[in-house]
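Examining the three-dimensional arrangement
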Amino acid sequence: MLSLSTLFFSHLETPLRLTAFPASLLAIVPMLAAVEGCGPTTSRYVLVEESLRVGDMKRADQIVEGAENEYGSKSRVLYKMDRGMTLHLAGRYQDSNALLEQAEEEVEQLYTRRVRTEAKAFLLNDTELPFEGEPYEQVMINVLKSINYAVLGSWDEALVETRRIDHRLNMLSDRTGDKDGYRDDAFARYLSGILYEVTGDVNNAFIAYRKAYEGYRVAGSWSRAPLPPMLRQDLLRVTEALPLTNEHEEYRRAFADVSWQPYSDTQRLAHVVVISYNGRAPRKEDQFIDLPISFDALNLVLLTKRAVGSNNPNSRAAESLLYGLSGHVVRVALPRLVPQKTQVETGQVSLNGKSVSFSAGTELVQNLTALAEKSLADRFTAISVKAVARAAVKYALAEGVGRGARAAAGKDLGPLIGILAGALARSLAIASEEADKRSWRTLPDEVQIARLWVPPGDYELRIRSLGRGGGVVGQESLHAVTLSAGETKVFAERVLP
């Protein structure tokens, strides 16, 4: 596919060739058509989601693996994030961690970008920047790595990730300050508390649980993830075990209606943790704002939108050509988040032995769609200012191309060549305007967790998800499980309707 940036910048950086302009203008139609014909990203995720829906995790991973070249050099981190998740779902936990480790290392390196890359991105669009993920996505790298290690029973390695989570969140809090934004992650803190408690580090478990408790309360106005009821039981259990008498009494007063098991009792039991990834992460799409700078241009924009609709991806080529010929329309592209909410309300987890059975419901611990919405809202003003400035600069450059061509062509051909060159440059400037729509789309919409303490023995573990109307969503999962006293086993499931 012909690069818009290559042609646009070549007209700015190379000597003027008068005979090239008519041919270039004719070539603009198929070139602009290529803009609306590039849809591998959408089709890739559709295929992945279809595979996840039928429980074919291996095929979902193969789709992402086969699309590696489609991601391109600027989205290497995104490829490793996406593949890290599909490998995790396919049960290849070590391979998942290997790629996620690479993604984490590259994210750290991308904090220092090249000035030239920034300049090119400003003159074209933000997809020219290397993808490094939103802060919550970066935290999810370590979260997913810690879950991988937990499923494998590699508890020491899992604790390494919890310490990395703590370091990353502390740095994020320092950068964010007192602003009401994503400055901590209650789910990451809660998962850290579980892992500390599993390994017997009750003191650090309490610290993590307490931070999670505060995190859910502080972010409650926008996170759409209320305090999980089981976290109250955890705080009562660990404060009694330490013992932290004052804190324990405080929590007992606050959670007077909560029943809980003492820490000493749980040590004689087996522990099962089920993590359910429900639904699909939100996607981003372009939101085009066409700004007319004359009355005739306003009529053109209104007629065009009436004919093809607003933000129609299939009309980009025609709009770019029409607006380029008009010469009085500036296009700004901003990202718009499209939620893809899960139908799952809760999950039912049961352990059925020979003569006993135990059950628990999953509880919401993370709403990734809410995190994505908050992240975009916090950055939207900066994104908008940059997009408007970029559009203005691109318009000015395109006008300069037209004037330069007119002056270089002389009196006879100058007006015609200037019109052709200006139209070409303006059309390319408009066509190249695009929001950065990249995000970690193999993540779920929500994460829910269930925890059970049961006597040692052989069990059938049954996991099923229920929709908001009460019906079963997705496929039921069955596992034969042998549990020993003091043992913890972690299971991860992906649920799509």
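Rules used throughout
Residues numbered from 1 in each chain as written. Predicted model: local features only at pLDDT ≥ 70, side-chain atom pairs only at ≥ 80, totals over all residues. Heavy atoms only, no water. Salt bridge = Lys/Arg side-chain N within 4 Å of Asp/Glu carboxyl O. Helix = DSSP H or I, 4+ residues; strand = E, 2+ residues; numbered from the N terminus. Buried < 20%, exposed > 50% of the residue type's maximum accessible area, 1.4 Å probe, protein only. Pairing = 2+ DSSP bridges. Axes fitted to C-alpha atoms, helices over the stretch in contact; angles between N-to-C directions. Contact = heavy atoms within 4.5 Å. pLDDT = per-residue confidence, 0-100. Expected span 1.5 Å × (residues − 1). Polar contact = N/O pair within 3.5 Å; in protein donor to acceptor, adjacent residues only side chain to side chain.

1. Digging into the pattern of salt bridges
Opposite charge on two side chains allows them to pair when their charged atoms are near. Inspection of the entire model under this criterion finds 44 salt bridges. The salt bridge partner of D166 is R189, with a shortest N-O separation of 2.6 Å. Taken together, the residues D166 in helix α10 (residues 155-176) and R189 in helix α11 (residues 186-198) connect sequence positions 23 residues apart. According to the relative accessible area criterion, D166 is partly exposed, its value standing at 26%. Counted as one network, the salt bridges with shared partners bring together E101, E104, E108, K145, E161, R164 and R168.

2. Points about the sheet that holds strand β1 (residues 270-278)
Strands sit in the order β6-β7-β1-β10 across an open sheet of 4 strands; the sheet is mixed. In this open sheet, the two strands that pair with only one neighbour each are β6 (363-367) and β10 (488-495). Averaged over all neighbouring strand pairs, the angle between strand axes comes to 20 degrees, with direction disregarded. Of the strand pairs in this sheet, β6 and strand β7 (residues 446-454) are connected by 4 bridges, and their pairing is antiparallel. Bridge pairing in β7 places Q366 opposite V447. Contacts between helix α13 (residues 229-241) and the sheet are confined to β6 and β7, with β7 contributing the most and set at about 45 degrees to the helix. Together, β6 and β7 form the strand contacts of helix α18 (residues 368-431), whose direction differs from that of β6 by roughly 25 degrees.

3. Quick word on the side chain of S223
Counting through the fold element by element, S223 comes out in the loop between α12 (202-218) and α13. Ignoring sequence-local partners within four residues, the contact set of S223 consists of N367 and A370.

4. Considering the confidence of the model for the chain
Parts of the model with low pLDDT should not have their predicted coordinates read in detail. When the pLDDT values of the chain are averaged, the result is 87; 87% of them are 70 or greater. Counting contacts from residues 1-29, a segment whose pLDDT is below 50, to residues more than four positions away or on other chains yields 45 contacts.

5. Examining α11
The end-to-end C-alpha separation of α11 is 18 Å, in line with the 18 Å expected for 13 residues at 1.5 Å each. Burial within α11 is extensive, with 12 of its 13 residues counted as buried. All of the buried residues in α11 are A186, F187, A188, R189, Y190, L191, S192, G193, I194, L195, Y196 and E197. By the N-cap criterion, in which a side-chain oxygen at the helix start approaches the backbone nitrogen of a residue two or three places on, α11 is capped by D185, the distance to F187 being 3.2 Å. Taken from the residues just after α11, G200 is the one with a positive phi, measuring 85 degrees.

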